[in-house]
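This is what each chain is made of:
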Amino acid sequence: MGTSRAKRAQVAERRRRAIELRIQGHTWDEIADRLGYRSKAQACNDVTRALQQNTRDLNLAVDQLRALELARLDRLQQIAWEVLERPHVAVSHGRVVTVKTADGREVRLPDDGPKLAAIDRLLKIADRRAKLLGLD
């Protein structure tokens, strides 16, 4: 049968207090005496378990945050790719710039600036993703 919620709360509080005492520099014997552990080894083991659980909880939270950040980067990357793939024309004084071809036709002058900016942004997103995943 599982441990009751009240018992788990008691254990968590005793572990919290044991960690606090250890941080304050108390010996394992002092912690055991003060908090009712049977031995200094039991106090040490309990603190170790609590710290391991805290580490697992922290790692889970970090993993969740990393997943959220990766999803955001995916969305930003998608937008940057859309900008990169879309045609861009040069505009001057509110008008599309045109040029005449050798055969006399007027064509819109392409603007490579937005594409180059999108490439730079994609590289920054890739760099951020590599840092987030520890690939560097």
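Note: the structure precedes this text.
Residues numbered from 1 in each chain as written. Predicted model: local features only at pLDDT ≥ 70, side-chain atom pairs only at ≥ 80, totals over all residues. Heavy atoms only, no water.

Considerations on the nonpolar core
Judged by nonpolar contacts, Ala18, Ile19, Leu21, Trp28, Ile31, Ala32, Leu35, Tyr37, Ala43, Val47 and Ala50 together constitute the single largest core of 11 residues. Of all the elements in the fold, those that place two or more residues in this core are helix 1 (5-23), helix 2 (28-35) and helix 3 (40-85). Counting residues per element, this core draws most heavily on helix 2, at four residues. With residues near it in sequence (within four places) discarded, Ala18 still touches Ile31, Leu35, Tyr37 and Val47. (Core = buried A, V, L, I, M, F, W, Y, C linked by side-chain atoms within 4.5 Å. Buried < 20%, exposed > 50% of the residue type's maximum accessible area, 1.4 Å probe, protein only. Helix = DSSP H or I, 4+ residues; strand = E, 2+ residues; numbered from the N terminus. Contact = heavy atoms within 4.5 Å.)

Focus on the packing of helix 2 against helix 3
Each pair of packed helices can be described by the angle between their axes along with the distance between the axes. Taken N-terminus to C-terminus, the directions of helix 2 and helix 3 make an angle of 90°; their axes are 8 Å apart at the nearest point. As summarised for this structure, helix 2 and helix 3 are arranged roughly perpendicular, according to the angle between their axes. Across the interface between the two elements, Trp28, Asp29, Ile31 and Ala32 of helix 2 pack against Lys40, Ala43, Cys44 and Val47 of helix 3. The residue inventory of the contact of helix 2 with helix 3, partitioned by class, reads six nonpolar, no polar and two charged. (Axes fitted to C-alpha atoms, helices over the stretch in contact; angles between N-to-C directions. Parallel < 35°, antiparallel > 145°, perpendicular 65-115°, else oblique. Nonpolar A, V, L, I, M, F, W, Y, C, P; charged D, E, K, R; others polar.)

Concerning the pattern of salt bridges
On inspection of all chains with the given rule, the structure shows nine salt bridges. Its salt-bridge partner being Arg16, residue Glu13 comes within 2.6 Å of it at the nearest N-O pair. Within this pair, Glu13 and its partner Arg16 are both found in helix 1, separated by three residues, close to a single helical turn. Residue Glu20 pairs with Arg16 through a salt bridge whose shortest N-O separation is 2.9 Å. Residue Glu20 and its partner Arg16 are located together in helix 1, separated by four residues, close to a single helical turn. Judged by relative accessible area, which is 38%, Glu20 ranks as partly exposed. Under the relative-accessibility criterion, Arg16 is labelled partly exposed at 41%. Each of Glu13, Arg16 and Glu20 takes part in one network of salt bridges that share partners. (Salt bridge = Lys/Arg side-chain N within 4 Å of Asp/Glu carboxyl O.)

Quick word on helix 2
Looking only at helix 2, the buried set comprises Trp28, Ile31, Ala32 and Leu35. Buried residues in helix 2, looked at end-on, bunch into an arc of 100°, giving them a common side. Facing away from the buried surface of helix 2 by more than 90 degrees, the exposed residues are Asp33 and Arg34. Considering only its buried residues, helix 2 is in contact with helix 1 and helix 3. (Arc of directions from axis to C-beta.)

Interpretation in functional terms is not warranted from these geometric data alone.
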